[in-house]
Amino acid sequence: QSSKKPIMVALLVATLGVAPAGVARRALGGKPSAAVWNEEIKAAWTQAYASAQGVPANYDIDEIEGRIPSALRGTVFRNGPGNFERGGQRYEHVLDGDGLLCRWSLDGATGRARFASRFVRTPEYAAEEAADTVLHRNTFGTQPASGPLGELENAFDLVLKNPANTNVQSWGGKLLALWEAALPCRIDPDTLEYVGRETFDGLLPDGALTVASGIGPEVDASLGLGVAFTAHPREDRKRGRVVGWSWAAPLVGSSLSVTVHEWDAASGALLASTPTALPSAIAPHDFALTDSWYIFALNAMQLNLFPYVLGLTGPVGALRTTGEGAVLVLVPRPGGAAAGREPLTVRTE
């Protein structure tokens with residue numbers, strides 16, 4: 001029986017492109033050396049990734065070193081993973097952590113500073129908090145505890161939890177907590193309470209899955225399909241605009257449907273929407289912006305859906321590098337020197 005185990009592992013890797021966690025750890029060479037992983041370093045990392053306590057918070061900051069400049073007055077928002085466990089189950093990856101919003105308010109005229117924090121209480125977060133257990137699948141592998149059938153009990157549950165933990169941005173009077181693969185979460189800037197999913201007055205279709213049928217928006221809506229919005233919108237200070245993009249993965253094929261939107265940063269008015277398609281089934285992490293182009297970098301990766309569909313791993317665990325070069329896609333920007341041209345594709349070695 002023991003002699004069959006390596007064969008079974010090899011078959012699993014060859015067929016599904018994924019290895020059990022223990023096998024993956026052994027393949028990396030076992031334990032790291034004491035020079036890079038000792039008790040002191042372990043304690044520091046453990047503290048860094050401990051779930052935040054005392055949330056929600058809202059108080060004056062009494063201990064201030066020095067003096068706040070009298071002309072300095074404003075508010076800074078930050079967002080990032082702040083809770084890493086539920087019901088005794090540790091999340092598989094820090095980036096599955098629940099989003100924690102923090103706010104610092106400074107008033108140099110009075111010399112006061114104030115801090116507030118609150119978790120982004122999406123419906124998924126509230127449900128898991130009430131049940132004190134993981135109820136949803138996550139991008140980096142956190143899943144509901146398995147039962148008699150093991151991880152296969154999560155098979156065909158393709159809806160991912162939105163941890164709202166990647167970024168926080170504000171324009172047009174709206175404060176938004178952002179994540180890579182869902183609609184933005186609208187936040188009350190005064191209380192930091194979750195308001196709801198932001199569709200920008202119906203501009204972005206709201207659905208359970210960020211998938212496009214390829215037939216049309218009416219069919220997508222009838223199937224409960226929607227889009228996601230980037231966690232990394234860009235500010236164009238020269239034009240006073242905010243630029244972001246929505247996307248939906250293809251139901252069939254390898255072309256990603258993308259629409260780039262531009263808003264007036266002050267009023268929030270929509271100024272332009274540019275639909276395009278990227279030659280990849282995987283959404284890029286980020287994009288760049290010039291006066292004339294939107295620039296997308298597509299990594300040399302492929303998605304093996306079978307392990308994810310079967311409940312064996314999250315989407316990130318189903319990614320594999322291809323060993324090929326990256327691809328840059330340049331999409332002409334409305335009003336720029338390249339307006340009216342076709343998108344350009346540049347392939348690297």
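Everything numeric here is computed off the predicted structure, so don't read it as measured data.

Moving on, we get to the confidence of the model for the protein. Mean pLDDT for the protein: 89, with 91% of residues reaching 70 or above. Here residues 1-17 is modelled with pLDDT under 50, and outside its nearest four sequence neighbours on either side it reaches 14 contacts, counting other chains as well. In this model residues 19-27 is a low-confidence stretch, pLDDT under 50, and it forms 4 contacts with partners more than four residues away in sequence or in other chains.

Before going further, it helps to examine the packing of aromatic side chains. Tallied over the full model, the rule gives 13 aromatic pairs. A ring pair is formed by Tyr49 and Phe84, whose centres lie 6.1 Å apart and whose planes are at 80 degrees; its orientation type is edge-to-face. Residue Tyr49 is located in the loop between α3 (39-48) and β1 (57-60), and its partner Phe84 is located in the loop between β2 (73-83) and β3 (85-86); the two are separated by 35 residues in the primary sequence. Judged by its relative accessible area of 30%, Tyr49 falls in the partly exposed class. Seen from their ring centres, Tyr59 and Phe115 are 5.6 Å apart, and the 50 degrees between their planes marks the pair as tilted. Residue Tyr59 is found in strand β1, and its partner Phe115 is found in strand β6 (residues 112-119); the two are separated by 56 residues along the sequence.

We now examine the nonpolar core. Ranked by size, the top nonpolar core spans 16 residues in total, and within it Trp245, Trp247, Val258, Val260, Leu278, Tyr294 and Phe296 carry the most contacts. Going through the elements one at a time, β14 (241-250), β15 (256-264), β18 (293-298) and β21 (327-332) are the ones with two or more residues in this core. Sorting elements by how many residues they give to this core places β14 first, with 4 residues. The contact partners of Trp245, leaving out residues within four places of it in the chain, are Ala228, Phe229, Thr230, Val258, Thr259, Val260, Pro284, Asp286, Phe287 and Phe296.

As enumerated under the stated definition, the model contains 18 salt bridges in all. Between Arg241 and Glu262 there is a salt bridge whose closest N-O contact spans 2.7 Å. Residue Arg241 is found in strand β14, and its partner Glu262 is found in strand β15; the two are separated by 21 residues along the sequence. One salt-bridge network, in which partners are shared between bridges, spans Asp236, Arg239, Arg241, Glu262 and Arg333.

Glancing now at the sheet that holds β18. Read across the open sheet, the 4 strands follow the order β17-β18-β21-β22; overall the sheet is antiparallel. Both outer strands of the open sheet, β17 (287-289) and β22 (344-347), are each paired with one neighbouring strand and no more. The sheet shows a mean angle of 20 degrees between the axes of neighbouring strands, taken without regard to direction. One ladder, built from 3 bridges, connects β17 with β18; its direction is antiparallel.

In the structure shown here, the tally under the stated rule is 0 disulfides. Free of any disulfide, Cys185 has its nearest cysteine sulfur in Cys102, 16 Å distant. Classification of Cys185 as buried rests on a relative accessible area of 1%.

Take the sheet that holds β6 next. Taken in spatial order, the 4 strands line up as β1-β6-β5-β2 in an open sheet, and their pairing is antiparallel. Every other strand in the sheet has two partners, leaving β1 and β2 as the edge strands with one partner each. The sheet shows a mean angle of 15 degrees between the axes of neighbouring strands, taken without regard to direction. Inspection of the sheet shows β2 paired to strand β5 (residues 98-107) by 10 bridges, in the antiparallel sense. Within the sheet, the bridge partner assigned to Asn83 lies in β5 and is Asp98.

The rules behind the values
Residues numbered from 1 in each chain as written. Predicted model: local features only at pLDDT ≥ 70, side-chain atom pairs only at ≥ 80, totals over all residues. Heavy atoms only, no water. pLDDT = per-residue confidence, 0-100. Contact = heavy atoms within 4.5 Å. Phe/Tyr/Trp six-rings, centres within 6.5 Å; stacked < 30°, edge-to-face > 60°. Helix = DSSP H or I, 4+ residues; strand = E, 2+ residues; numbered from the N terminus. Buried < 20%, exposed > 50% of the residue type's maximum accessible area, 1.4 Å probe, protein only. Core = buried A, V, L, I, M, F, W, Y, C linked by side-chain atoms within 4.5 Å. Salt bridge = Lys/Arg side-chain N within 4 Å of Asp/Glu carboxyl O. Pairing = 2+ DSSP bridges. Axes fitted to C-alpha atoms, helices over the stretch in contact; angles between N-to-C directions. Disulfide = S-S within 2.5 Å.

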